[in-house]
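# Coordinate analysis (summary)
Each chain is listed here by its residues.
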Amino acid sequence: MEVKVVRNVLDVNAKMAEENRRFFAENGVFVLNVMSSPGSGKTTILEKTLTRIMPEIQSAVIVGDICTTNDADRLSISGAPVVQINTDEFGGDCHLAAHVIENAARQIDLAGLDLLIVENVGNLVCPAEFDIGEDARVVVLSVAEGEDKSVKYPLMFRECQACLLNKTDLLPYLDYDLEKARQYIDQVHPGMPVFETSAKTGEGLDSWIAWIRDRVADKAGLQQQA
Amino acid sequence: MHEMGIALQIIDIATAAIPPEMRGRRVEKVNLRIGKLSAVVVDSLNFCLEIATRDTSLAEAEFSIEEVPVVAQCRECGYEWQVAQAVFKCPECGSGNLEMISGRELDVVSIDIEEPVDSEMQNQSR
Ligand SMILES: Nc1nc2c(ncn2[C@@H]2O[C@H](COP(=O)(O)OP(=O)(O)OP(=O)(O)O)[C@@H](O)[C@H]2O)c(=O)[nH]1
Ligand SMILES: [Mg+2]
Ligand SMILES: [Zn+2]
């Protein structure tokens, strides 16, 4: 005989993510989930971004890696509080789940904070599936990875609200078709803003930082109204 | 890559769904629905389910996976279609303002439990 169940497999995570979202909203913190394949430049972009927005925008970072505290050490130089999560304690998870973020966020004083950045584990597949209670998601793609990543990993690009095309300083050395890459991204997620950046030279970071500023200000405004 | 975690979650949900009066009966089938846009590779999931159900009450269960196509509806003109080749633009009017109708499912829909053998039925009716 058939017994009806109808339950989403990730409903436990979704529930925890909603709790996180409420907790972040109470504190008026804008939470940004930064995702990419390994080595696209997430940490380098965040290092540069933090030195330019701190202390005006009070920021903290939760960074997930399978192991090492290398990224946390690099990000701490900015003066922002950094919590490193090593997922090997959680079975080498390929993504950060909502309960892991909840634990990490408790180690940070959210009251005085405007922006909480989560650098997810380097992976273009799994993190897209897991809501962590963030306000916005962005994906970093480096030009060394090929033009067609967005159509190969559509879920990630559908789930994000902005894309950074990073390492543009390498373009002279590659046969990379920037227009084609933009076309592919636009077909998967029409209208999504794409920022061309070089975390190495700093080129293109202005419009990306302006994008963050707008969103942090919106969230702070919302909290004041509440 | 997270198929093992998903498999364990499926096993938890399916096991919890066995009504108390049916505990001990064999679960013949677990019916799943997985959207084509979800980040789950069905072959790896099957593999993980096989390993993770060993020595559990679901060891003999068959996992039946219905793959759900990615369907979108245009918010501008109402056209509904099955998305292919990761083109998320309305083929009628070109708009990218879409409502996703299906494709993200990751659901345990139902479980099939073996019918009680006759002697058991008699026991119950007594
Ligand atoms: N040429 C160039 N190199 C870059 C740029 N951004 C990052 N890199 C280099 O790329 C490598 C990886 O950068 P990370 O910032 O560690 O990348 P990540 O995405 O944080 O990597 P994981 O956290 O391991 O997934 C480093 O050697 C960086 O110096 C860039 O814009 N141009
Ligand atoms: Mg990093
Ligand atoms: Zn349309």
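Our subject in this report is the structure included herewith. (Residues numbered from 1 in each chain as written. Chains lettered and ligands numbered in written order. Predicted model: local features only at pLDDT ≥ 70, side-chain atom pairs only at ≥ 80, totals over all residues. Heavy atoms only, no water.)

Counting secondary structure elements, chain B contains three helices and six strands. Counting from the amino terminus, helix and strand elements in chain B follow one another as α-β-α-β-β-β-β-β-α. Taken over C-alpha atoms, the radius of gyration comes to 20 Å for chain B, far larger than the 14 Å a tight globule of 126 residues would show. Here the C-alpha coordinates of chain B stretch approximately 65 × 35 × 15 Å along the principal axes. For chain B, with 126 residues in total, the buried portion stands at 44%. Summed over its atoms, the accessible surface of chain B is roughly 6,900 Å², and 46% of this surface lies on carbon and sulfur atoms. Averaging the locations of the 11 positively and 22 negatively charged side chains of chain B gives two centres separated by 2 Å. (Helix = DSSP H or I, 4+ residues; strand = E, 2+ residues; numbered from the N terminus. Rg over C-alpha atoms; globule rule 2.2 N^0.38 Å. Buried < 20%, exposed > 50% of the residue type's maximum accessible area, 1.4 Å probe, protein only. Areas by Shrake-Rupley, 256 points an atom, 1.4 Å probe, with all protein chains shown as cover. Lys, Arg positive; Asp, Glu negative; His and termini not counted. Charge placed at Lys NZ, Arg CZ, Asp CG, Glu CD.)

With that settled, consider the site of ligand 1. Residues and elements named next belong to chain A. Of all residues adjacent to ligand 1, which total 20 residues, the nearest are K42, T43, T44, D169 and A199. Contact between ligand 1 and G39: an oxygen atom at 3.1 Å from a main-chain N or O atom of the residue. The backbone of A199 places a nitrogen or oxygen atom 2.8 Å from an oxygen atom of ligand 1. Bound to the protein, ligand 1 loses 73% of the 650 Å² it would expose on its own. Counting only elements with at least two residues in the shell around ligand 1, the list comes to α2 (42-53) and α3 (70-76). Per-element accounting of the shell around ligand 1 gives the leading share, three residues, to α2. Looking at the shell around ligand 1 residue by residue, the class counts come to three nonpolar, nine polar and eight charged. (Near = heavy atom within 4 Å. Polar contact = N/O pair within 3.5 Å; in protein donor to acceptor, adjacent residues only side chain to side chain. Nonpolar A, V, L, I, M, F, W, Y, C, P; charged D, E, K, R; others polar.)

On the side of chain B, 30 residues touch chain A, which itself brings 28 residues to the contact. For the pair chain A and chain B, the summed buried area comes to about 2,600 Å², and 61% of that belongs to carbon and sulfur atoms. For chain A, the biggest contributors to the area lost against chain B are M1, V9 and E129 of chain A; these three give 26% of the whole. Between K89 of chain B and D186 of chain A there is a salt bridge whose closest N-O contact spans 2.9 Å. On the surface where chain A and chain B come into contact, there are 17 residue pairs in polar contact (both at pLDDT 80 or more). (Contact = heavy atoms within 4.5 Å. Buried area = accessible area lost by both parts, 1.4 Å probe. Salt bridge = Lys/Arg side-chain N within 4 Å of Asp/Glu carboxyl O.)

Octahedral metals with six donors have ideal donor angles of 90 or 180 degrees. Tetrahedral metals with four donors have an ideal donor angle of 109.5 degrees. Residue and element names in this part refer to chain A. For the magnesium ion (ligand 2), the full set of protein donor atoms is T43 (OG1), D71 (OD) and E119 (OE), at a range of 2.0 to 2.1 Å. Written as a sequence motif, the donor residues of the magnesium ion (ligand 2) are T-x27-D-x47-E. Of this pair, T43 sits in helix α2 while D71 sits in helix α3, and the two are 28 residues apart along the sequence. The residues T43 and D71 share a single accessibility class, namely buried. (Donors = N, O, S within 2.8 Å, 3.2 Å for Na, K, Ca; no water.)

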